[in-house]
Amino acid sequence: MDKYIRPVFTLELGHKILPGLVTIGKYDGSHPCLTAATNTDKVLIHNPHRRNQSAVGKLIWSESNKEIAILNLNQKVTALEVGSLVPNEDKDVLVIGTSSNLLVYHVHDNKDLFYKDCEDGVKSLTVGSFRNHPNSIILVGGNSSIHGYNYNGEDVFWLAIGDIVTSMVLMDYNNDGTNELIVSCEDFNIRVFSGDQVVAEHNETEVVSGLVALPEQRFGYSVSNGTVGIYEKDVRLWRVKSKNFAISMHPYDLLGQPTLQLITGWSNGKIDCRSLKSGEVQFKDSMSAGVAGIVEGDYRSMGRSDLICVSTEGEVRGYTTTKMVTSGSSSVEQDTIKDLLSQKQSLLMELRHYENNSKYNNNVLNEVDSFESTGVIPSSTRLQIVVTTNGGDKRLKPHVELYVSTNNSTIIKAIIIFAEGIFKGESHVVHPEFSKLTSGVSIPLHLPTDRSVDIHLKALVGYPNSVQYHVFEITKQLPSFSMYSLKEVPIKTTPQGSIQFKITERLQRVCLWINQSFILSTDIEFDSGPSLVVNVECLRDKTDLVMIFEATGKVTFQCNNMFLAADLVQSLSSYLKLESLESRASFPKEEGNLKELMQKLSDIQEARLRLDTDVADRLGQIRSLIVRAEDARVNDIKEMVGHYHELNNVNKSLINGYNIKAQNYNEGIETMKRINCIIQKASRLRVGQNSAVMINHCRNAIKNNNIEGLIKIIRTGEL
């Protein structure tokens, strides 16, 4: 099969296109139209099937190219989406997001469906069925929250996220017949929501920039560091990394196979087609400029969809499904042969190494030095790994210590460690000096977050004078709370923050959770007594954590970090498989911050109203001065100059007011983001429906500016 499949059609849009802002929709219900945002604050619609010459409304058809219409927004477009929104109508509508507004436009009727001011901004969009809404809704991801609007523009859904939403997709994640919402944020997390509840969470090492829904409960993701990969539910099938950035991903059957492939467009103009199962590249092409977007539609009216790739320079290429050239054998047989040839090559290489060692062994069977020089090691050699916490060595920053050793006199020449989110570039090489080669190597690890990490090690084992080394591979999973060490003495000052809840589990099972979640020198056991108290110290900032588990089922976590308390609650609930959990919390520091933020937000809103009133007054003055200046131009030219000087001063005042208003708006966005972050952390102190109810109560309290009520909700989960 030819790996370079040629496009079936090409065209030029004549406009520069913004990366990631390309979509396609059937605005008349039957014919697909390519839609993209330009770098001149316009939305371009290319319609090769145009029949009418309507010019009524905002949409203006180009004189030079009769297939292109322009929608002038005079605001930078930040998100673009198309979908069927109006009930009992098959025509798609165009959804446009800017930094502060949302426009839903009915392209076929050339009119606004509705227009909304979005104080939280618009960073990403998706349209579809979600939750229990009978019709499709628009989901708008902002700086720290997600809003849902129906076709009338009514706000029907709200969710606090706590960070900027970078991408969203709707798909049936858990095969329950309804859509779940998959959301990626700038906090490196991918969360799966069923309604208001988080049903799954995936952590990445950088900002997740894009998501795409795939068949068989899979979804693709791209990361800002150039990584592209696929998850099947909570299992990562594969990932690859490039020095360029993935701009757009789309599933499409380009090779005439029974299954779809993942088509990825990159910032350097490369287009590649990968197997969903293995990530192997099956087709590639390249555009003259970076890819702006990849969509799918029957653009040639031939009864089958084409894959359409758009570059940032406005070049459009269309590809279609190509039959594979199999030369008398099926594609399955070809794949099998390819796998067998690859295995054969690996086995031949391994055999060659054994033959080289055997050649030396036959000549010098009893010479130990020759054994060492040729790389022969005892067959019983094993690699051992021990993980401990080290917070007592003042020469080093407190860390998790990884000790790797062999079980005999062989030495470790070098170790390569692969781990996500720990090292820059995800890998680290330890290569001791020749004079310091030993059978054991200590490696300090500094874990930035509280999450489990898989450590993959490859060690070169042999003797100091060996020519060849044996490669040992071992994998070790570090628990979620590795950066915490057990304190032998009781804590003198109890942390002010705390959370309390009740579970119906034996303390012996809780001990299993503690032993699996922390790195302990000896396992914690519970024999008898009224309670189990565990004192822990964080190695990052030397703060204390006290965990009290009573025999009656009452659990208390005492710490000043609400985020840590939320992680502990979620980890314990997941281990015990709790579907719902109600709790009472008290975190004075976070409550004080929330009071200050709510008061600041109230002041910002009042200042905004004053600025709006001042602008209205200034506009009245401008109109009056213009009329008086024009009258003076006829009657008294000197008086006219005075009026225009005054008009200039009013104009400067307006500009200053605008700058103040812009600064006020940015402060409001940042303040709301911090408030939503606290709400999102507080929601994770509960599990299941209790978390969803708390978020809804918080939204109502914020709308009513009820500061005391908001704090009560965070404490108790109820209004």
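Rules used throughout
Residues numbered from 1 in each chain as written. Predicted model: local features only at pLDDT ≥ 70, side-chain atom pairs only at ≥ 80, totals over all residues. Heavy atoms only, no water. Helix = DSSP H or I, 4+ residues; strand = E, 2+ residues; numbered from the N terminus. Buried < 20%, exposed > 50% of the residue type's maximum accessible area, 1.4 Å probe, protein only. Contact = heavy atoms within 4.5 Å. Areas by Shrake-Rupley, 256 points an atom, 1.4 Å probe, with all protein chains shown as cover. Lys, Arg positive; Asp, Glu negative; His and termini not counted. Charge placed at Lys NZ, Arg CZ, Asp CG, Glu CD. Axes fitted to C-alpha atoms, helices over the stretch in contact; angles between N-to-C directions. Parallel < 35°, antiparallel > 145°, perpendicular 65-115°, else oblique. Left-handed = near helix turned anticlockwise from the far one by under 90°. Nonpolar A, V, L, I, M, F, W, Y, C, P; charged D, E, K, R; others polar. Polar contact = N/O pair within 3.5 Å; in protein donor to acceptor, adjacent residues only side chain to side chain. Core = buried A, V, L, I, M, F, W, Y, C linked by side-chain atoms within 4.5 Å. Expected span 1.5 Å × (residues − 1). Phe/Tyr/Trp six-rings, centres within 6.5 Å; stacked < 30°, edge-to-face > 60°. Pairing = 2+ DSSP bridges. Salt bridge = Lys/Arg side-chain N within 4 Å of Asp/Glu carboxyl O.

(A) Broad picture of the overall build of the protein chain. Helices and strands together make up the secondary structure of the protein chain, namely eight helices and 42 strands. Along the first, second and third principal axes, the C-alpha set of the protein chain runs to 115 × 75 × 55 Å. For the protein chain, with 719 residues in total, the buried portion stands at 49%. Summarising the internal contacts of the protein chain: among those between residues at least 6 apart in sequence, 55% fall at separations of at least 24. Here the protein chain displays about 35,400 Å² of accessible surface, and carbon together with sulfur accounts for 49% of that area. A gap of 2 Å separates the mean positions of the 75 positive and 84 negative side-chain charges of the protein chain.

(B) Up close: the packing of helix α6 (residues 637–683) against helix α7 (residues 689–703). The geometry of α6 relative to α7 is characterised by a closest axis approach of 9 Å and an angle of 150° between their N-to-C directions. Between α6 and α7, the interaxial angle falls into the category roughly antiparallel. Crossing geometry of α6 relative to α7 is assigned as right-handed. Between α6, through M672, I675, I679, A682 and S683, and α7, the contact on the second element is made entirely by S691, M694, I695, C698 and I702. Considering only residue class, the contact of α6 with α7 consists of eight nonpolar, two polar and no charged.

(C) Focus on the side chain of T671. With respect to the element layout, T671 can be found in helix α6. Beyond its immediate sequence surroundings of up to four residues, T671 is in contact with L597, K600, L601 and I604.

(D) Layout of helix α8 (residues 707–716). Across the ten residues of α8, seven count as buried, placing the element largely inside the fold. Here α8 has its buried residues at I707, G709, L710, I711, I713, I714 and T716. Where α8 is buried, its residues contact α4 (562–576), β42 (583–586), α5 (588–635), α6 and α7. You can read the cap of α8 off the contacts: a side-chain oxygen lies 2.9 Å from the backbone nitrogen of G709, and it is on N706. In the stretch just after α8, G717 is the one whose phi turns positive, near 85°.

(E) Structural view of the nonpolar core. Membership of the largest hydrophobic core comes to 72 residues, with the highest contact counts inside it found for I146, W513, I514, F518, M547, F549 and F557. Per-element tally for this core: the top contributor is α4, with eight residues. Beyond its immediate sequence surroundings of up to four residues, M547 is in contact with W513, F518, L532, V533, V534, V536, T556, F557 and L568. Listed in part, the 29 residues of the second largest apolar core include F423, V453, L457 and L539.

(F) Seen up close, the environment of A682. Within the secondary structure layout, A682 lies in helix α6. On the basis of relative accessible area, A682 is assigned to the buried category, the value being 0%. Sequence spacing of A682 and G717 is 35 residues, and the spatial spacing of their C-alpha atoms is 8.6 Å. Apart from the residues lying within four places of it in its own chain, the contact partners of A682 are M562, M694 and I714.

(G) Broad picture of α4. Taking 1.5 Å as the rise per residue, α4 with 15 residues should run 21 Å; its terminal C-alpha atoms sit 21 Å apart, in good agreement. Counting buried residues along α4, eleven of its 15 residues qualify, which places the element largely inside the surrounding structure. Every buried residue belonging to α4 is among M562, L564, A565, A566, D567, L568, V569, S571, L572, S573 and L576, and all of these are buried. Two residues or fewer past α4, K577 is found with a positive phi of approximately 60°.

(H) Structural context of the packing of aromatic side chains. Counted under the stated rule, the structure contains 14 aromatic pairs. Ring geometry for F130 and F157: centres 5.4 Å apart, planes at 90°, overall edge-to-face. Residue F130 is found in the loop between β11 (124–128) and β12 (137–141), and its partner F157 is found in strand β14 (residues 155–160); the two are separated by 27 residues along the sequence. Just as F130 is buried, F157 falls in that class too. With a centroid separation of 5.6 Å and 70° between ring planes, the pair formed by F501 and F557 is classed as edge-to-face. Pair noted here: F501 is in strand β38 (residues 498–502) and F557 is in strand β41 (residues 554–558), with a separation of 56 residues, a long-range link.

(I) Seen up close, the sheet that holds strand β29 (residues 315–319). One open sheet holds the four strands; their spatial order is β1-β29-β28-β27, and the pairing between them is antiparallel. Each of the sheet's edge strands pairs with one partner strand only, and the pair in question is β1 (9–12) and β27 (291–297). Here the strands of the sheet are splayed against their neighbours by 20° on average, with no regard to which way each runs.

(J) Main features of the pattern of salt bridges. Scanning all chains against the criterion turns up 25 salt bridges. A salt bridge links E201 to R191, with the nearest nitrogen and oxygen atoms 3.7 Å apart. Remark: R191 occurs in strand β17 (residues 189–194) and E201 occurs in strand β18 (residues 197–203); sequence separation between them is ten residues. Taken together, the salt bridges that share partners define one network made up of E204, R236, R239 and E420.

(K) Broad picture of unusual backbone geometry. Positive phi outside glycine occurs at N110, with the angle close to 55°. Although it is not a glycine, K577 adopts a positive phi angle of roughly 60°. Given a relative accessible area of 69%, K577 falls into the exposed group.

(L) Just the pairing of strand β26 (residues 281–286), in detail. The pairing of strand β25 (residues 270–275) with β26 spans five bridges and is antiparallel. Bridge pairing links D272 to K284 in β26. Counted between consecutive antiparallel strands, the loop separating β25 from β26 contains five residues, among which G279 sits at a positive phi close to 80°.

(M) View of the pairing of strand β28 (residues 306–311). With six of six residues buried, β28 lies mostly within the body of the structure. On β28, burial covers both faces: D306, I308 and V310 on one face and L307, C309 and S311 on the other are all buried. Relative to β28, β27 runs antiparallel, the two sharing six bridges. Residue pairing for β28: G293 is matched across the bridge by V310. Bridging between β28 and β29 involves four bridges; their strand directions are antiparallel. Bridge pairing in β29 links I308 to G318. Counting the residues that bridge the hairpin from β28 to β29 gives three residues, and of these G314 lies at a positive phi of roughly 95°.

(N) How the structure looks around the sheet that holds strand β3 (residues 33–38). The antiparallel open sheet is built from five strands, whose spatial order is β2-β3-β4-β6-β5. Since the sheet does not close on itself, it has two edges, and those belong to β2 (17–25) and β5 (59–61), each with one partner. Put simply, the sheet's adjacent strands are angled 25° from each other on average, direction ignored. With four bridges connecting them, β3 and strand β4 (residues 42–46) associate as antiparallel partners. Note that in β4 the partner of T35 across the bridge is I45.

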